[in-house]
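A structural walkthrough
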Amino acid sequence: MSKLRAAITSVGGYVPEDKLTNADLEKIIDTTDEWITTRTGIKERRILRDPNKASSDMAAEAVKEILAKKQLDPLDIDCIICATVTPDMIFPATANLIGDKVGAKNAYGFDISAACSGFLYALNLGTSLIESGRNKKVIVVGVDKMSAIVDYTDRTTCIIFGDGAGAVLLEPTPEDVGIMDSILYSDGSGAKHLHMKAGGSLRPASIETVAAKEHFIYQEGKHVFKFAVTGMADVSQELLEKNDLTGDDIDWLVPHQANLRIIDATRERINLPREKVMINIHNYGNTTAGTIPLCLWDYEKKLKKGDKLVLAAFGGGFTWGAIYLKWAY
Ligand code: UT7
């Protein structure tokens, strides 16, 4: 019997209307459009300004787009996996809130915390649920409202991050398409270089933690950059070799959008021209778990059935990995 594969059969996305441009940032911190553009490739980001809206609202919009495109009854969704580091609340899981907002009353759901690699971790798990035959329709979401944890007086972090959500529908297929292979890694010793100091059980929120600005992203940019360049490039190359592929066989690299220089390093390592790389960092910045599904969303019309894609990410944890898939529609 041929193996049942898990295929992405639809993509949805959502970015807030409000833009935060490099020119806007020039007015609030000591920076320039030229510095941000040459060091990161970012021109603008989207910001969810409505104080009553959170990650689940952006994710629900992305999922609703899938429901409309596929004319899918939300009651038919079996499971929602939400990758995020900016859940609406510490608990319950944002996946549960998304399920409620889209009417997925028969679905169970849970969150995955793997920062910028979160979507890959969630996609890997969703794939197993489909391949095992346990579930038939799994929604995998990557969403982050990074503006909720960014200190807009810190010029080393506020220039990078933005808000947005992307989602895919995973379904079984007997065809030779879908998720083919994955390699995922994590290394908790990297936590010291990229984390949020307070708000968890180690340092619960207090007047002191707020005064010390410990509820914002702490990032040692240079250090993370070094690990990200080698981590994302190495794992992409390892995945190709494991599947007897070279860059020539790959139609699209879908890299986490953290910094254009990290994207270029990965691309060069697996020998791909820029035209084969999905890039939207100039429009949205780094939306953490949102970047990879938002790339798929932006480039959906260019994709053809059978196209070979490598998805690659590196982020907080440290977490990193790559997924090889064949596009299914
Ligand atoms: O997605 C999750 C994982 N995160 C990442 O992958 C991010 C990885 N890191 C990066 O992308 C880069 O390290 C940054 C974009 C965060 C920073 O770029 P960099 O080229 O590593 O800059 P740097 O931190 O080495 O700073 C170089 C200089 C410093 O000045 P001095 O000490 O050389 O005088 C900084 O103070 O640039 C200065 N600087 C800025 N100047 C203008 C730092 N931020 C800014 C700024 N505008 N926004």
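Residues numbered from 1 in each chain as written. Predicted model: local features only at pLDDT ≥ 70, side-chain atom pairs only at ≥ 80, totals over all residues. Heavy atoms only, no water.

**Thoughts on the overall build of the chain**
Across its full length, the chain holds 10 helices and 13 strands. In terms of C-alpha radius of gyration, the chain reaches 19 Å, essentially the compact-globule figure of 20 Å for 329 residues. When the backbone C-alpha atoms are referred to their principal axes, the chain occupies close to 60 × 45 × 35 Å. The 329 residues of the chain split such that 55% are buried. When contacts within the chain are restricted to residue pairs at least 6 apart in sequence, those whose partners lie at least 24 apart make up 77%. Carbon together with sulfur atoms contributes 53% to the accessible area of the chain, which is approximately 14200 Å² in total. Positive and negative charge centroids in the chain, built from 38 and 44 side chains respectively, lie 1 Å apart. (Helix = DSSP H or I, 4+ residues; strand = E, 2+ residues; numbered from the N terminus. Rg over C-alpha atoms; globule rule 2.2 N^0.38 Å. Buried < 20%, exposed > 50% of the residue type's maximum accessible area, 1.4 Å probe, protein only. Contact = heavy atoms within 4.5 Å. Areas by Shrake-Rupley, 256 points an atom, 1.4 Å probe, with all protein chains shown as cover. Lys, Arg positive; Asp, Glu negative; His and termini not counted. Charge placed at Lys NZ, Arg CZ, Asp CG, Glu CD.)

**So, the UniProt feature "domain: Beta-ketoacyl-[acyl-carrier-protein] synthase III N-terminal" (unreviewed entry) in the chain**
Those residues carrying the UniProt feature "domain: Beta-ketoacyl-[acyl-carrier-protein] synthase III N-terminal" (unreviewed entry) are residues 110–188 in this numbering. Along residues 110–188 one finds 18% helix and 39% strand; the C-alpha atoms at either end are 22 Å apart. (UniProt positions renumbered as here; feature names shortened; annotations may be inferred.)

**Some remarks on the nonpolar core**
Counting residues in hydrophobic clusters, the biggest one holds 76 residues, and the most contacted among them are Ile8, Leu123, Leu170, Met278, Leu296, Leu309 and Leu311. Not counting the four nearest positions on each side in its chain, Leu123 is found in contact with Ile8, Val140, Val168, Leu170, Ile179, Leu311 and Ile323. Listed in part, the 22 residues of the second largest apolar core include Ile66, Leu72, Ala165 and Ala167. (Core = buried A, V, L, I, M, F, W, Y, C linked by side-chain atoms within 4.5 Å.)

**With respect to the packing of helix H7 (residues 221–242) against helix H8 (residues 260–269)**
Between H7 and H8, the least distance of the axes is 9 Å, while the angle of their chain directions is 30°. When the axis of H7 is compared with that of H8, the two are roughly parallel. Like other packed secondary-structure pairs, H7 and H8 cross with a definite hand, here right-handed. Residues Phe225, Ala228, Val229, Met232, Ala233, Asp234, Ser236 and Gln237 of H7 pack against Arg261, Ile262, Ala265, Thr266 and Arg269 of H8. The residue inventory of the contact of H7 with H8, partitioned by class, reads seven nonpolar, three polar and three charged. (Axes fitted to C-alpha atoms, helices over the stretch in contact; angles between N-to-C directions. Parallel < 35°, antiparallel > 145°, perpendicular 65-115°, else oblique. Left-handed = near helix turned anticlockwise from the far one by under 90°. Nonpolar A, V, L, I, M, F, W, Y, C, P; charged D, E, K, R; others polar.)

**Structural notes on the sheet that holds strand E7 (residues 163–173)**
The strand order across the open sheet built from five strands is E1-E7-E6-E4-E5, with neighbouring strands paired in mixed fashion. Across the chains shown, the open sheet's two edge strands, defined by having one partner strand only, are strand E1 (5–14) and strand E5 (108–112). This sheet shows a mean twist of 20° between the axes of neighbouring strands, independent of strand direction. Bridging between E1 and E7 involves nine bridges; their strand directions are antiparallel. Following the sheet pairing, Arg5 is matched in E7 by Thr173. On top of the sheet, helix H3 (residues 55–70) reaches E1, strand E6 (138–145) and E7; it is set at about 120° to E1, its chief contact. (Pairing = 2+ DSSP bridges.)

**A few points about the sheet that holds strand E12 (residues 308–315)**
Ordered by their spatial adjacency, four strands build an open sheet running E8-E13-E12-E11, and the pairing between neighbours is mixed. Only two strands of the sheet have a single partner each, and these edge strands are strand E8 (178–186) and strand E11 (252–255). Each neighbouring strand pair of the sheet contributes to a mean axis angle of 15°, computed without reference to strand direction. Pairing geometry for E8 and strand E13 (residues 319–326), over eight bridges, is antiparallel. Looking at the pairing, Tyr185 lines up with Trp320 of E13.

**Overview of the site of the ligand**
As a structural note, the neighbourhood of the ligand is formed by 22 residues, with Thr31, Arg39, Lys222, Asn259 and Asn286 the closest of them. Interatomic distance of 2.6 Å between a side-chain N/O atom of Arg39 and an oxygen atom of the ligand. The contact in question runs from an oxygen atom of the ligand to an N or O atom on the side chain of His256, over 2.9 Å. For the ligand, whose unbound accessible area comes to 940 Å², protein coverage reaches 76%. Per-element tally for the shell around the ligand: the top contributor is H7, with four residues. For the shell around the ligand, the per-class residue count stands at nine nonpolar, eight polar and five charged. (Near = heavy atom within 4 Å. Polar contact = N/O pair within 3.5 Å; in protein donor to acceptor, adjacent residues only side chain to side chain.)

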